[in-house]
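The chain contents come next:
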Amino acid sequence: MNHPRPPDAPSVPSAPPPPLPPPGSSVRHDDVRIPLHDGTLLHARIWHPSADDPAPVLLEYAPERLTDATAARDAQRHPWYAAHGYASVRVDARGHGNSAGSAAPADDPTAAAADAAEVVEWLAAQPWSTGRIGAFGLGAGADVALRLAALAPDPLAAVVAVGATDAPFDNGGAYLGGSVAADSLHSGATALLSELCRPPDPAHAGDAWRELWTARLETVTPPLHTLLAHQLRDDFWDGRAVGGGAGLASVRVPVLTAGGWHEPYRDTVFRLLAALPADRVRGLVGPWAHQYPDRGHPGPAIGFLHETLRWWQRHLRDAGGRGAGAPADEDPLLKVWLATPGDPDGPGRWIAEDAWPSPRVRTVPHPLTGAPRPVAAPQHTGVDAGRWLSTTGRACDLAPDQRGEDARSACFEFPVAGDPEDASDPEGVSEGEDTSDVEERGRDAAAGGVTVLGNPRVTLRLRMDVPHGQVAVRLCDVAPDGASTLVTRGVLNLAARHGRERAHAWTPGDTEDVALELHSIGYVFAPGHRIRLAVSSAYWPWVWPQTGSTGFVLVPEGSRLDLPVLPDENGTDGTDGTDGTNDTDDATARLPHAEPERSQPLGISSPVPLAEPGEEPTERRVIRDVDTGEWQVETDPRPRDAQRVRRHPDGLELFDEAVEIRTIRADDPLSARAETEWKTRFHRPEDPRDPRTRPWTATVEVRSSLTCDAADFIAEDEVICRDGQEAVFHHTWKKRFPRIAG
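Every value quoted in this text rests on a predicted model; they were computed, and no experiment measured them. (Residues numbered from 1 in each chain as written. Predicted model: local features only at pLDDT ≥ 70, side-chain atom pairs only at ≥ 80, totals over all residues. Heavy atoms only, no water.)

Scanning the protein chain from terminus to terminus reveals 15 helices and 31 strands. Counting only residues that meet the buried cut, the protein chain has 59% of its 742 residues in that class. Here the protein chain displays about 28,400 Å² of accessible surface, and carbon together with sulfur accounts for 49% of that area. (Helix = DSSP H or I, 4+ residues; strand = E, 2+ residues; numbered from the N terminus. Buried < 20%, exposed > 50% of the residue type's maximum accessible area, 1.4 Å probe, protein only. Areas by Shrake-Rupley, 256 points an atom, 1.4 Å probe, with all protein chains shown as cover.)

Here the focus is the pattern of salt bridges. Taken as a whole and judged by the stated rule, the model has 48 salt bridges. A salt bridge links arginine 662 to aspartate 183; the nearest nitrogen and oxygen atoms lie 3.0 Å apart. Of this pair, arginine 662 sits in strand S27 (residues 653-665) while aspartate 183 sits in helix H5 (residues 183-196), placing them 479 residues apart in sequence. Here arginine 662 falls in the buried class, since its relative accessible area comes to 1%. Its relative accessible area of 6% is what places aspartate 183 among the buried residues. In this structure, the salt-bridge partner of aspartate 723 is arginine 210, at a minimum N-O distance of 2.8 Å. (Salt bridge = Lys/Arg side-chain N within 4 Å of Asp/Glu carboxyl O.)

Attention now goes to the sheet that holds strand S18 (residues 470-478). One open sheet holds the four strands; their spatial order is S15-S22-S18-S19, and the pairing between them is antiparallel. Whereas interior strands pair on both sides, the edge strands pair on one side only; in this sheet they are strand S15 (410-416) and strand S19 (484-493). The sheet shows a mean angle of 15° between the axes of neighbouring strands, direction not considered. (Pairing = 2+ DSSP bridges. Axes fitted to C-alpha atoms, helices over the stretch in contact; angles between N-to-C directions.)

Right, let's get into the packing of helix H1 (residues 71-83) against helix H11 (residues 304-317). In contact at an axis separation of 12 Å, H1 and H11 are set at 40° when each is read in the N-to-C sense. In this view, H1 runs oblique relative to H11, as classed from their interaxial angle. For the element pair H1 and H11, the recorded crossing hand is right-handed. Contacts between H1 and H11 involve Gln76, Arg77, Trp80 and Tyr81 from the former and Phe304, Leu305, His306, Thr308, Leu309 and Trp312 from the latter. In terms of residue class, the contact of H1 with H11 is made up of six nonpolar, three polar and one charged. (Parallel < 35°, antiparallel > 145°, perpendicular 65-115°, else oblique. Left-handed = near helix turned anticlockwise from the far one by under 90°. Contact = heavy atoms within 4.5 Å. Nonpolar A, V, L, I, M, F, W, Y, C, P; charged D, E, K, R; others polar.)

As a further point, take the packing of aromatic side chains. Per the stated rule, a full pass over the model turns up 20 aromatic pairs. Residues tyrosine 81 and phenylalanine 136 carry aromatic rings whose centres are separated by 5.6 Å and whose planes lie at 65° to one another, so their mutual orientation is edge-to-face. On the criterion of sequence distance, the pair formed by tyrosine 81 in helix H1 and phenylalanine 136 in strand S5 (residues 129-138) is long-range, its members being 55 residues apart. Grouping residues by exposure puts tyrosine 81 and phenylalanine 136 together as buried. With a centroid separation of 5.7 Å and 70° between ring planes, the pair formed by tyrosine 539 and tryptophan 542 is classed as edge-to-face. (Phe/Tyr/Trp six-rings, centres within 6.5 Å; stacked < 30°, edge-to-face > 60°.)

What follows is about the pairing of strand S22 (residues 529-536). Burial analysis of S22 places seven of its eight residues in the buried class, which makes it a mostly covered element. Where S15 lies against S22, seven bridges are found, and the strand directions are antiparallel. Bridge pairing links glutamate 413 to arginine 532 in S22. In terms of strand pairing, S18 meets S22 through seven bridges, oriented antiparallel.

This part covers helix H10 (residues 266-275). Since there are 3.6 residues in each turn of an α-helix, residues three or four apart along the chain are aligned in direction. Within H10, seven of the 10 residues are buried, which leaves the element mostly enclosed by the surrounding structure. Listed as buried for H10 are Arg266, Asp267, Thr268, Val269, Phe270, Leu272 and Leu273. Contacts made by the buried residues of H10 are with helix H3 (140-151), helix H4 (168-171), strand S9 (255-260), strand S10 (281-286), strand S11 (334-339) and S19.

Below, the discussion takes up the nonpolar core. Ranked by internal contacts, the top residues of the largest apolar core, which has 118 residues, are Tyr61, Trp312 and Leu460. In contact with tyrosine 61, not counting residues within four places along its chain, are Leu42, Val91, Ala93, Arg94, Ala112, Asp115, Ala116, Val119, Phe136, Gly141 and Val144. (Core = buried A, V, L, I, M, F, W, Y, C linked by side-chain atoms within 4.5 Å.)

On to the pairing of strand S28 (residues 668-684), then. As judged from the 12 bridges shared by S27 and S28, these two strands associate in the antiparallel manner. Bridged to glutamate 660 within S28 is threonine 676. In this structure, the hairpin formed by S27 and S28 is closed by a connection of two residues.

On to the packing of helix H2 (residues 109-124) against H3. Axis separation between H2 and H3 bottoms out at 8 Å; the angle between their running directions is 65°. The angle between H2 and H3 places the two elements in the roughly perpendicular class. In the crossing of H2 with H3, the sense of the turn from one axis to the other is right-handed. Touching Pro109, Thr110, Ala112, Ala113, Ala114, Ala116, Ala117 and Val120 of H2 are Asp143, Val144, Arg147, Leu148 and Leu151, all from H3.

Here it is in structure tokens:
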């Protein structure tokens with residue numbers, strides 16, 4: 001969705017907050033080394049509660065560096081848990097930060113979960129632990145926590161996973177709908193390469209820091225190479241999925257799973273709710289990008305730490321453990337934010353569902369009508385897609401008005417209006433056509449809008465004259481003034497129409513029905529608006545263009561949009577005899593707590609840059625070269641607070657420079673090019689108060705590009721690492737990868 005939060009967004013219903021710690025209570029933290037069975041030592045920071053009695057333990061195991069990358073976030077989360085009576089532990093994954101060893105290829109979350117399981121056992125055995133462990137994380141940390149829930153080591157009692165991917169081939173960002181991703185694959189792989197090459201910090205790793213660093217660098221391989229070597233869903237991808245081939249049903253530990261409407265991992269929430277018994281899962285989806293919900297933007301953010309505290313209380317403190325014999329959870333199965341951009345009362349509201357799939361949601365078909373439509377979108381269709389993964393929710397990451405994209409696509413519209421004339425005679429309905437579905441949609445419209453909750457599904461009848469192609473589908477909300485708001489979308493490599501395990505070339509000249517599922521959404525189309533379905537044959541830079549693709553012909557007869565529709569507040573769903581009510585009066589009292597509450601900020605400072613007014617970095621821009629027909633999308637992937645030097649309380653100064661450039665010519669799919677650069681500088685000046693300290697400076701520079709010809713992808717990467725002015729590592733890679741799926 002592409003609508004930012006208005007400044008007057010309403011607060012959410014408030015649940016009673018848990019009691020705060022007594023006045024004067026304090027926490028302390030210690031840095032320790034946790035040994036693995038192979039002798040590898042992992043760097044961990046433990047925040048202990050003030051009481052001396054053994055406490056339940058919460059573990060966040062993640063590849064991001066705890067002493068700098070997540071230090072600010074950790075400082076507001078882990079001490080808060082400790083103040084509420086939990087020992088809270090943050091661990092650097094193997095090969096990251098100040099932990100020893102080398103990371104698994106492309107940071108395999110399954111391998112990381114095996115290490116984390118050993119950490120769980122170690123924590124349970126400590127004298128300050130009750131032996132009851134919870135695991136939580138965001139993004140890569142959530143991937144580890146979710147796989148831990150499938151491994152289910154005995155001490156693990158519960159998990160919280162925010163923004164997790166359950167099946168990396170389908171929703172991990174390297175491949176989208178079976179197509180090679182362009183933006184997310186390259187940006188993610190290059191950022192990870194930079195992270196893998198960053199040095200341990202001498203202030204925490206000691207004199208052995210450089211030895212650890214060089215040993216780490218000797219094993220580095222560009223993640224881009226690993227990912228491009230597996231362009232179909234194979235054993236490599238199945239091994240990284242939750243439970244391997246067993247799927248989500250293998251999760252044996254209770255999971256509280258959360259996601260945001262502005263991130264791609266929200267579908268994991270709905271899949272977990274559908275796959276697990278109700279006593280083993282709870283879900284939360286809100287108006288956020290890829291963040292913890294108490295830091296969520298565009299927002300409103302919620303008191304997510306309160307949400308998790310109730311979860312930990314039930315599973316780590318109450319009798320029974322892992323939900324077996326524990327008191328019934330009072331929370332509804334799913335708490336979800338419905339976006340209502342056309343509502344004068346506010347941009348959204350929270351609702352609760354007691355089951356998923358919800359028996360209240362019904363599928364309403366919207367048949368496409370009209371004559372066959374040639375679809376041959378210019379290759380730059382998609383430049384207004386926004387970022388695939390936003391960690392900030394800033395406006396430049398979200399999709400802007402879609403009218404430009406709509407003009408490059410084949411569009412079909414369905415009215416959402418209280419006007420009976422519009423409801424009974426929607427645009428595009430042919431004379432003599434069966435209008436039973438139309439009348440049903442009209443009753444929904446007359447009831448006060450259309451509320452969609454779940455995954456819309458699209459079936460398209462296509463005729464194509466070449467072996468390879470792809471289709472991108474966007475669902476938009478068109479306001480009376482013509483503004484087009486992106487609601488959700490999906491893409492499909494047509495070679496993957498019969499499954500992702502192998503490529504199925506299209507027989508030129510054939511007509512087939514293909515189906516694709518769009519990302520889940522909770523959204524209210526307001527009366528007076530129109531639902532627009534936009535179909536294109538290109539979506540750059542989200543997906544890499546297909547060799548020789550010339551588009552396709554879309555045959556409306558046999559094509560349709562299926563919307564998962566929820567009844568309105570009055571229970572009206574357009575179906576006779578169904579009241580549509582949801583008995584959630586008690587559950588409503590358990591909707592998310594309104595106000596985020598965290599520990600005090602860490603105190604990272606950012607000196608004012610020596611720049612003229614107005615010289616703030618450009619975060620995202622689209623450039624068109626009229627002479628050559630080339631389109632360029634240039635993005636600064638750094639969060640705004642990382643666009644200056646960050647000075648940490650321990651003296652560390654950290655500065656990143658980064659740019660992502662995606663270019664393509666409107667008429668040439670082989671002109672596609674992705675370039676990404678990262679440069680990170682670590683500096684700790686000499687501390688005059690401590691003569692034992694020595695100044696330290698290290699830099700990591702990473703440059704990567706991905707191009708193609710008709711047969712291959714061509715990946716080029718370069719890494720330069722310096723200790724002061726000395727280059728301790730300099731390596732370049734260039735490798736070709738056959739284009740297996742077009």
